[in-house]
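Residue strings, one per chain:
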Amino acid sequence: MSEHPAVAKLKERFKESVLDVAEHRGQTSVTVRKEDILAVCAFLKEECGYNFLTDVCGVDYLGETPRFMVVYHLYSIGAHQRLRLKAPVEEADCRIDSVVGIWSAANWLEREVWDMFGIDFKGHPDLRRILLPDDWEGHPLRKDYPVQGPDREPYQGRLS
Amino acid sequence: MANLETMTINMGPQHPSTHGVLQLVLELDGEVVVKATPHIGFLHRGVEKLSEYRTYHQVLPLTDRLDYLAPMHNNLGYVLAVEKLLGISDQIPERANVVRVMLAELTRIKSHLVWLATHALDIGAMTVFLYCFRERERIMDFYEKISGARMTSNYFRVGGLSADLPDGIEKEIRDFINEMPDNINTYEGLLSGNKIWQKRVMGVGVIKPEDAIDVGLSGPSLRGSGVDWDLRRDQPYCGYETYDFRVVTHTDCDTWARYKVRLDEMRESCKIIHQCLDRLKPGPILADCPKIVLPPKKDVVNTIEGLIHHFKIITEGFKPEPGEVYVGVENPKGETGFYLISDGSPRPFRMRIRPASFVNLQALPQMVEGALIADVIAIIGTLDVVLGEIDR
């Protein structure tokens, strides 16, 4: 059972939505249903003081269902506490609500997740590629995207 | 009827203040910026992807190249994250922690010197540039003596340090640190009282504390808006909680405030380095974890256990148990964080870098819209971005 103060509040308020709570090396991760991500984030900001969105990133669990995970790292500047929030996203419906309306910091971070993983953020004000050109094909941080890039032979090491 | 015609121009990537990569599309109404759209350029280094194909040890040199003005900080964030993932954070020897803090603070001074030099140069002050680079060169010399490289240090290791400090370096660093406050006064003497400097930075790029938090600013850019938050004090690592230093904030929220914060931070770093030098005692520099840290060379050639451990760690790496951690460190630019997921294999399943410069640059349109075109240069400079960190 997690001792993180936000977990009890989340479980009470979003009983159906909390899918999993995990502890590792003293850090807490809460997995919630993606349908409720906006409500959960708004609650964490308004009621629990998580005013600083440190990071948003994606993870590709190729071969598992659901395939993707969107990970939010939250920080409370008042309480000096961190919380990791995760939401699973299926490959067939690769979309999740944008949290830009809650923290402006999510703007570029969500664009990067879209660019690298191809996860669509509904309601994002300006969802475009950010690290790659607009006409780039594919999403490089997906596990099935070749590390050498498309249409290139894998590096075989030095011949000499 | 008012003339509502605006003009769109491209600023950068050729302009020196845009670092050769950043392009800003500015919509202007006369000299006033109506809209700014940054295009952050394409360096395409793919550090996060490459990390999935390397062992934990092999990832370390990639982290140097993120923020190349503060390589030790990136090394530090990464090794702290791996140590946390392994559960060995409490086994790092005292000497290694003191050396880490000392080099992190030297690096902070080094990074702030480049910032001050180039920021002042962007605005038109040449002399400060030369003075700052003179001092930075001495820190680069320390880097070279300690790690063997002037820029890409690759010095910290999972479990401690790659080598002990060379003989005599402590005295050289102490001499440098004794002189540094006077040098900082010199830079300030050249700029702070200068009417041109004041007009170029005061009231420019104002961002209120609530907006700064909302948009994700961190580090000196956030503390210039009066937010009293520093990871060294609030989420301490490497024993920072035992050092006496002040978290510098200024409440003007403008370019001037961020300039003053960084100057005062350099002074605070000098204080911390003095304390480190006083604490340095002989002792081990690597944790006693034979499955993770490489054994000393004499053990490799003299003992079978040493040889086996060396061989296993080099060929296979180590395997943290499955799990995930996030560790953020107070980089000179702000919070640089490493999020690592282990699936039990010797390679990171996923490594995500939370780049300070990337998130800080996001605030640029908000800060320049409504300002004059000449202020754009000052505002880019005040954010102290490194494009290598932005496009990892």
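Just so it is clear, the structure is predicted and the values come from calculations on it, not from any experiment. (Residues numbered from 1 in each chain as written. Chains lettered and ligands numbered in written order. Predicted model: local features only at pLDDT ≥ 70, side-chain atom pairs only at ≥ 80, totals over all residues. Heavy atoms only, no water.)

Okay, the UniProt feature "domain: NADH-quinone oxidoreductase subunit D" (unreviewed entry) in chain B next. The residues that UniProt annotates with the feature "domain: NADH-quinone oxidoreductase subunit D" (unreviewed entry) are residues 122-392 of chain B. Regarding residues 122-392 of chain B, the helix share stands at 51% and the strand share at 10%, and the terminal C-alpha atoms are separated by 25 Å. (UniProt positions renumbered as here; feature names shortened; annotations may be inferred. Helix = DSSP H or I, 4+ residues; strand = E, 2+ residues; numbered from the N terminus.)

Turning to the packing of aromatic side chains, a few remarks are in order. Residues and elements named next belong to chain B. What the rule picks out here adds up to 16 aromatic pairs over all chains. Taken together, a centroid distance of 5.1 Å and an interplanar angle of 75 degrees make the contact between Y237 and Y240 edge-to-face. For the pair Y237 and Y240, a shared accessibility class is recorded, and that class is buried. The interplanar angle of 70 degrees and the centroid separation of 6.1 Å between the aromatic rings of Y240 and F245 together place this pair among those described as edge-to-face. (Phe/Tyr/Trp six-rings, centres within 6.5 Å; stacked < 30°, edge-to-face > 60°. Buried < 20%, exposed > 50% of the residue type's maximum accessible area, 1.4 Å probe, protein only.)

Residue and element names in this part refer to chain B. For the pair helix α2 (residues 56-64) and helix α3 (residues 71-86), interaxial distance at closest approach is 8 Å and the crossing angle is 155 degrees. As the angle between them shows, α2 and α3 are arranged roughly antiparallel. When you trace α2 past α3, the crossing you get is right-handed. Of the residues in α3, those touching α2 at Y56, V59, L60, T63 and D64 are P71, N74, N75, Y78, V79, V82 and L85. (Axes fitted to C-alpha atoms, helices over the stretch in contact; angles between N-to-C directions. Parallel < 35°, antiparallel > 145°, perpendicular 65-115°, else oblique. Left-handed = near helix turned anticlockwise from the far one by under 90°. Contact = heavy atoms within 4.5 Å.)

All names here are of chain B. Compared with an ideal rise of 1.5 Å per residue, which puts twelve residues at 16 Å, helix α13 (residues 304-315) spans 16 Å between its outermost C-alpha atoms and is within 8% of the ideal. Between the side-chain oxygen of the N-cap and the backbone nitrogen of G306 there are 3.0 Å, and the N-cap of α13 in question is T303. Looking one or two places after α13, you find G317, whose phi comes out positive at around 80 degrees. (Expected span 1.5 Å × (residues − 1). Polar contact = N/O pair within 3.5 Å; in protein donor to acceptor, adjacent residues only side chain to side chain.)

Looking now at the sheet that holds strand β3 (residues 32-39) of chain B. Residue and element names in this part refer to chain B. Within the open sheet, the three strands sit side by side as β1-β2-β3. Their pairing is antiparallel. At either margin of the open sheet sits one strand with a lone partner, and together these are β1 (7-11) and β3. Averaged over all neighbouring strand pairs, the angle between strand axes comes to 25 degrees, with direction disregarded. Bridge count for β1 against strand β2 (residues 23-29) is five bridges, and the pairing is antiparallel. Residue pairing across strands places M11 opposite L24, the latter belonging to β2. Sitting on the sheet, helix α16 (residues 373-383) touches β1, β2 and β3, and the angle it makes with β2 is about 150 degrees. (Pairing = 2+ DSSP bridges.)

What follows is about the sheet that holds strand β3 (residues 52-60) of chain A. Residue and element names in this part refer to chain A. In space, the five strands of this open sheet follow the order β1-β2-β5-β4-β3, with mixed pairing throughout. The open sheet is flanked by β1 (18-24) and β3, the only strands paired with a single partner. The average angle at which neighbouring strand axes cross in this sheet is 20 degrees, direction not considered. Strand direction decides the pairing type here: strand β2 (residues 27-32) and strand β5 (residues 81-89), joined by three bridges, are parallel. Note that in β5 the partner of V30 across the bridge is L85. Each of β2, β4 (68-76) and β5 touches helix α2 (residues 37-46); the most contacted strand, β5, lies at about 175 degrees to it.

A few words now on the pattern of salt bridges. All names here are of chain B. Per the counting criterion, the structure on display carries 47 salt bridges over all chains. Of the charged contacts in the structure, one is a salt bridge between K145 and E172, with a shortest N-O distance of 2.7 Å. Taken together, the residues span a long stretch of sequence, with K145 in helix α5 (residues 127-147) and E172 in helix α6 (residues 169-191) at a distance of 27 residues. Classification of E172 by relative accessible area gives partly exposed; the value is 30%. (Salt bridge = Lys/Arg side-chain N within 4 Å of Asp/Glu carboxyl O.)

Right, let's get into the interface of chain B and chain A. Between chain B and chain A, the contact holds 49 residues from the first and 45 residues from the second. Of all residues in chain B, K49, Y326 and Q362 of chain B bury the most surface against chain A, accounting for 16% of the area lost on that side. At the surface where chain B touches chain A, the tally comes to seven salt bridges. A salt bridge links E112 of chain A to R352 of chain B; the shortest N-O distance between them is 2.9 Å. At the boundary of chain B with chain A, the tally comes to 25 residue pairs in polar contact (both at pLDDT 80 or more). It is strand β6 (residues 323-331) of chain B that provides the largest number of residues to the side of chain B that touches chain A, a total of five residues. Grouping the amino acids of the side of chain B that touches chain A by side-chain chemistry returns 24 nonpolar, eleven polar and 14 charged. (Buried area = accessible area lost by both parts, 1.4 Å probe. Nonpolar A, V, L, I, M, F, W, Y, C, P; charged D, E, K, R; others polar.)

If you look at the biggest cluster of nonpolar residues, it comprises 166 residues, and the most contacted ones within it are L44, Y72 and I119 of chain A together with Y78, L116 and I173 of chain B. With 15 residues, helix α4 (residues 94-123) of chain B is the largest single contributor of residues to this core. Apart from the residues within four sequence positions on either side, L116 of chain B is in contact with V128, C132, Y187, L191, Y259, L263 and M266 of chain B. (Core = buried A, V, L, I, M, F, W, Y, C linked by side-chain atoms within 4.5 Å.)

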